[in-house]
Amino acid sequence: MALRVLWLGLALLGALQSQAQELNLLPAPPLLKVPLQPDFQEDQFQGKWYVIGLAGNAVGKDQGEFKMYTTTYELKDDGSYNVTSTLLRNDNCVYWIRTFVPSFQPGQFNLGNIKNFQGIQSYTVRVVATDYNQFATVFFKKVSNGQEYFKTTLYGRTKELTPELKENFVRFAKSLGLTDDHIIFSVPIDRCIDGDNV
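For the chain, the name recorded in an unreviewed UniProt entry is Neutrophil gelatinase-associated lipocalin, with Echinops telfairi as its organism. UniProt lists a comment for the chain under the heading Subcellular location (unreviewed entry), and it reads "Secreted". Under Sequence similarities (unreviewed entry), UniProt gives the following word-for-word description of the chain: "Belongs to the calycin superfamily. Lipocalin family."

Right under this line is the structure:
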């Protein structure tokens, strides 16, 4: 019996390793190499952001059309954020709600109630740069089922940003080791992300 369990464990380990190799993910940069917005102002950062661009080691241009979605940060009294992403999926509005808890540096957060998210061992969020009223670049790093994923997101307070801000985002993504194939920009939509229209 013990031998059977051992073989089953080894087979599962082999399957996980081959799955990880199939993903062939770029390694995540150390957090120390990811800039952090100086003098981060949590009250000014809150509110609704449109997701304009996305780049990451599990992101690819071959994933089809990337529809715009929104992420809203609501500041709580304890300095954490209630974070709600609103997406259009299969013709339905979908809401993904989580809590970002302040870390040891202003502008860096960890996922709250991480035990509620199956398979996630760690999840870190860093506000890289923002002017609070036009754009923000945010970095995310998570370890899930032993795999390290990272992405960076370009937020806009409106659905359009200047070519210069988009170019800055591309430069930042490439500084993390990502290539053009890992960088996508969203297609603006109206459903779900503008007010209450469903």
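**Focus: the overall build of the chain**
Broken down by element type, the chain carries 3 helices and 9 strands. Of the regular secondary structure in the chain, the N- to C-terminal order runs α-α-β-β-β-β-β-β-β-β-α-β. Looking at the chain as a whole, 42% of its 198 residues qualify as buried. Taking as baseline every contact in the chain between residues at least 6 positions apart, the subset at least 24 positions apart corresponds to 56%. Total accessible area on the chain is roughly 11,400 Å²; 53% of this is exposed by carbon and sulfur atoms.

**Notes on the state of the cysteines**
In this structure the tally under the stated criterion is 1 disulfide. Covalently, C93 is tied to C192 through a disulfide, its sulfur atoms 2.0 Å apart. Torsion about the S-S bond of the C93 and C192 cystine: about -90°, corresponding to left-handed handedness. Residue C93 is found in strand β4 (residues 92-102), and its partner C192 is found in the segment after β9 (183-185); the two are separated by 99 residues along the sequence.

**Looking at the packing of aromatic side chains**
We describe a pair of aromatic rings using the distance from one ring centre to the other and the angle between the two ring planes. Under the definition given, this model contains 17 aromatic pairs. Through pairs of rings, three or more aromatic residues link up here, namely F40, F45, W49, Y73, Y81, F100, F109, Y123, Y132, F140 and Y155. The ring of Y149 is capped by K142, whose NZ or CZ atom sits 5.5 Å from the centre of that ring. Taking the ring centre of W49 as reference, the NZ or CZ of R157 above it sits at 3.6 Å.

**Some words on unusual backbone geometry**
In this structure, N90 takes a positive phi of about 50° despite not being glycine. Relative to the assigned elements, N90 resides in the loop between β3 (81-89) and β4. The residue N113 is not glycine, and still its phi comes out positive at about 50°. Looking at the secondary structure, you find N113 in the loop between β5 (108-111) and β6 (120-130).

**Re the pattern of salt bridges**
Counting across every chain of the model gives 6 salt bridges. With its nearest N and O atoms 3.7 Å apart, the salt bridge here joins E65 to K67. Note on E65: relative accessible area 56%, which makes it exposed. E148 serves as the salt-bridge partner of K141, at 3.7 Å between the closest nitrogen and oxygen. Salt bridges sharing partners connect three or more residues here, namely K159, D190 and D194.

**Considerations on the nonpolar core**
If you look at the biggest cluster of nonpolar residues, it comprises 25 residues, and the most contacted ones within it are F45, Y73, F100, F140 and Y155. Those elements that place two or more of their residues in this core are β1 (47-56), β3, β5, β6 and β7 (135-144). With 4 residues, the top contributor of residues to this core is β6. Discounting residues that sit within four places of it in the chain, Y73 has contacts with F45, Q46, G47, W49, Y81, N82, V83, F100, F140 and Y155. With 24 residues, the next largest nonpolar core counts V128, F139, F172 and A173 among its residues.

**Regarding helix α3 (residues 163-175)**
Given a rise of 1.5 Å per residue, 13 residues ought to cover 18 Å, and the 18 Å separating the end C-alpha atoms of α3 matches this to within 8%. Listed in full, the buried residues belonging to α3 are L165, F169, F172 and A173. Each buried residue of α3 lies within a common arc of 100° when the element is viewed along its axis, so the set occupies one face. Seen from the open side of α3, the exposed residues pointing more than 90 degrees away from its buried face are P163, E164, R171 and S175. Those residues of α3 hidden inside the fold are in contact with β1, β6, β7, β8 (147-156) and β9.

Procedures and definitions
Residues numbered from 1 in each chain as written. Predicted model: local features only at pLDDT ≥ 70, side-chain atom pairs only at ≥ 80, totals over all residues. Heavy atoms only, no water. UniProt positions renumbered as here; feature names shortened; annotations may be inferred. Helix = DSSP H or I, 4+ residues; strand = E, 2+ residues; numbered from the N terminus. Buried < 20%, exposed > 50% of the residue type's maximum accessible area, 1.4 Å probe, protein only. Contact = heavy atoms within 4.5 Å. Areas by Shrake-Rupley, 256 points an atom, 1.4 Å probe, with all protein chains shown as cover. Disulfide = S-S within 2.5 Å. Phe/Tyr/Trp six-rings, centres within 6.5 Å; stacked < 30°, edge-to-face > 60°. Lys NZ or Arg CZ within 6 Å of the ring centre and 35° of its normal. Salt bridge = Lys/Arg side-chain N within 4 Å of Asp/Glu carboxyl O. Core = buried A, V, L, I, M, F, W, Y, C linked by side-chain atoms within 4.5 Å. Expected span 1.5 Å × (residues − 1). Arc of directions from axis to C-beta.

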